[in-house]
Every structure is written in structure tokens, then in C-alpha cells.
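Observations on the model geometry
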Amino acid sequence: MVNDPSSGTLTAFNFDHLYQQIPEIKRLNVQLETISFEKPVDSSEMNPTYWKQIAEIIFEHYTAYDGFVILHGSDTMAYTASALSFMLENLAKPVVFTGSQLPIGDLRTDAKENLITSIQIASLAENNQPVVQEVGLYFEYKLYRANRTTKINAKHFGVCIACGRSGYDLNIDQEELDATIDTIMLTTEAAPNINITERIEIVTAECAFGMNIFKDLFASVRDIVGGRSKAVQQTMRDSRRT
């Protein structure tokens, strides 16, 4: 998204003007092509139907490109990135998710650095092989494994381990990356009959147990997850009795 100076509202970014907005990209010496949804999708409206569309676009164009960068709203980016990490099996090329807290054009925007470094990561190669061969998420000068990431508040993502860091140099931790090179497989089947509430209770039981043990250290966790679902609240209440 980009700020419209005449109205002060956010509008969809026109990628025909990408090099005008971020001329530094020219220095990366890469050839870029873009594909966009016909209508911009707010991150709060992302769902498995859109996940499937994104995965199918990558699968359809997989042999034509060396890497892929997906621009996504930060609120649900971790969910989409994690889903695609399971939908795209046997990846031998990078699929890097990124976004920004502030839109391009804002005085303190993080969009430019995030996009530039994500493109750089997607183009990294050694011995004619991509350095990153999985779905990742780049944000705040760090490259994360897509299915090990969650947004913890309006400014930060929380992760287990970062796979790479940018700053003065761009450093990728090879030991944290998989190097699986097989034929890519696309999995888009859904299981609509699964009771999602029960699955949430199973997952959050472990989270609540952990929060109960470390409640003095992590009291603020309740501010992050509190009120989000009845299952979370009930599980937390049950854990306090144990």
C-alpha cells in the first residue's frame, strides 16, 4: 500500500512505478516481474482460498523464475507463510514473504528496506544453486523460517531462531536452512470437516501450561492472546487449577 498525498488515504501500490519509488532496486542487478490480485486483499481478509491462489501462482511459474517475493499485510503474514511452507513441498527455490508496518511514502517507512533485502535474499545463489530453498519471512532485518514465526504485537514478530540477518552485510545461517532438492509438489487439499475449535484447544493447552509455569516472567502474554477466543481463555483458566 502507498499513501495518496492528495487524499491522505492508503491505495494499492502500482508496481509499474516500482523503480521510481525504490530506485535502489536497480543496483541488485535482477530482472523483476510482478503478479497482483485483481483486487487488493486486506490482510484481515486472508483465508485458505487466497493461500491456495498464491501457492498455485508459484507452482505455475516455478520453472520460470529463480525466486519469489510475496508482499503481504503484516497482521496475518505469518499464517499465510506457514500455510505455504506446507503446501509447497520439496522447494528448491526461495519463497520470501515480507511487508511493512508503515506504507511506502511514509517518512519512516520500513517497506523499502524489507522489499530490497527480500529481493536480495530471493536472488542469492552459490554454485548456481539458491542459498535459501524454503519458504521464509523477512522482517526487521531478520530472515525467519515461515512456519516458526508469529506476530506478537504491532511492531514485532516472535520466532524460535532467525535464519539470517541483515545490517552492514547480509548473512545467511546455512546450518539453519534445509537443502532439499526434489521435484516440487503442490498440496491444496482441505479438510473442511475438522472441528477447528478442538484443534485450537489442543494447541493452546500446551501454551497455557507454559504460561502458567512462567507467569511471573511472561505476564504480558495475556495481553497478546487474551480475549481472542473462548478456547484460549478456558484453557488458561483450567491450567491455573493444575
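This section reports on the structure supplied with the text. Residue indices begin from 1 for each chain and proceed along its sequence in written order. A pLDDT threshold of at least 70 governs which residues receive local features in this predicted model, and a stricter bar of 80 or more applies before side-chain atom pairs are shown or counted, although totals over entire chains, interfaces and linings include all residues. Side-chain numbers come from the whole structure's heavy atoms, not from hydrogens or water.

If you tally the helices and strands in the protein, you get seven helices and 14 strands. Accessible area is worked out with a 1.4 Å probe on protein chains only. A residue is then buried under 20% of its type maximum, exposed over 50%, and partly exposed in between. The burial tally for the protein puts 34% of its 242 residues in the buried class. Any two residues whose heavy atoms approach within 4.5 Å at even a single point are treated as in contact. Of all intrachain contacts in the protein linking residues separated by at least 6 positions in sequence, the fraction that spans at least 24 positions is 64%. Numbering goes from the N terminus for both helices and strands, where a helix is a DSSP run of H or I of at least four residues and a strand is a run of E of at least two.

Here the expected span of a helix is defined as 1.5 Å times the quantity of residues minus one. Here helix H2 (residues 48-60) spans 18 Å end to end across 13 residues, near enough to the 18 Å set by a 1.5 Å rise per residue. Inspection of H2 places Ile 54, Ala 55 and Ile 58 among the buried residues, and these make up the whole buried set. Looking down the long axis of H2, one finds its buried residues gathered within 95° of arc, a one-sided arrangement. Looking at the buried residues of H2, the elements they touch are strand S3 (68-71), helix H3 (77-87), strand S4 (88-89), strand S5 (95-98) and strand S14 (185-186). At the N-terminal end of H2, a side-chain oxygen is found 2.9 Å from the backbone nitrogen of Thr 49, two or three residues along, and the residue is Asn 47. The directions from the helix axis to the C-beta atoms form the arc being described. Contacts described as polar in this section are N or O atom pairs within 3.5 Å, which, within protein, must combine one atom able to donate a hydrogen with one able to accept it, while residues neighboring in sequence count only if both atoms come from side chains.

Attention now moves to the pattern of salt bridges. Any two side chains of opposite charge can pair, on the condition that their charged atoms come close. Every case where a carboxyl oxygen of Asp or Glu lies within 4 Å of a side-chain nitrogen of Lys or Arg is listed as a salt bridge. In this structure the tally under the stated criterion is one salt bridge. Arg 145 is the partner of Glu 134 in a salt bridge, and the nearest nitrogen-oxygen pair spans 2.8 Å. One end of the pair, Glu 134, is in the loop between strand S7 (129-130) and strand S8 (135-139); the other, Arg 145, is in strand S9 (residues 142-145), with eleven residues separating them in the sequence. The exposure class of Arg 145 is buried, given its relative accessible area of 17%.

Burial analysis of H3 places nine of its eleven residues in the buried class, the great majority of the element. Within the sequence span of H3, burial applies to Met 77, Ala 78, Thr 80, Ala 81, Ser 82, Ala 83, Leu 84, Ser 85 and Met 87.

It is worth spelling out the nonpolar core at this point. Ranked by internal contacts, the top residues of the largest apolar core, which has 23 residues, are Ile 58, Ile 70, Leu 84, Leu 88, Val 95, Phe 97 and Leu 137. Listing elements by their share of this core, those giving two or more residues are H2, S3, H3, S5 and S8. No other element matches the six residues that H3 contributes to this core. Every residue in contact with Val 95, bar those within four places of it in the chain, is listed here: Ile 58, Phe 68, Ile 70, Leu 88, Glu 134, Val 135 and Gly 136. Working definition of a nonpolar core: buried Ala, Val, Leu, Ile, Met, Phe, Trp, Tyr and Cys residues. They are joined through side-chain atoms within 4.5 Å.

For Phe, Tyr and Trp, rings pair up if their centres lie within 6.5 Å, where Trp contributes its six-membered ring, and each pair is then called stacked (planes under 30 degrees apart), edge-to-face (over 60) or tilted (otherwise). Using the criterion set out here, one finds three aromatic pairs in the structure. For the pair Tyr 65 and Phe 68, a centre-to-centre distance of 6.0 Å together with 70° between the ring planes defines the contact as edge-to-face. Three or more aromatic residues link up through ring pairs in this structure, and these residues are Tyr 62, Tyr 65 and Phe 68. Directly above the ring of Tyr 62 sits Lys 93, whose terminal nitrogen or CZ lies 4.7 Å from the centroid. The criterion for a charge sitting over a ring is simple: Lys NZ or Arg CZ within 6 Å of the ring centre, and within 35 degrees of the ring normal.

The next subject is unusual backbone geometry. Positive phi, close to 55°, is recorded for Glu 140, a residue that is not glycine. Non-glycine residue Tyr 141 carries a positive phi angle of around 70°. Of note, Tyr 141 is situated in the loop between S8 and S9.

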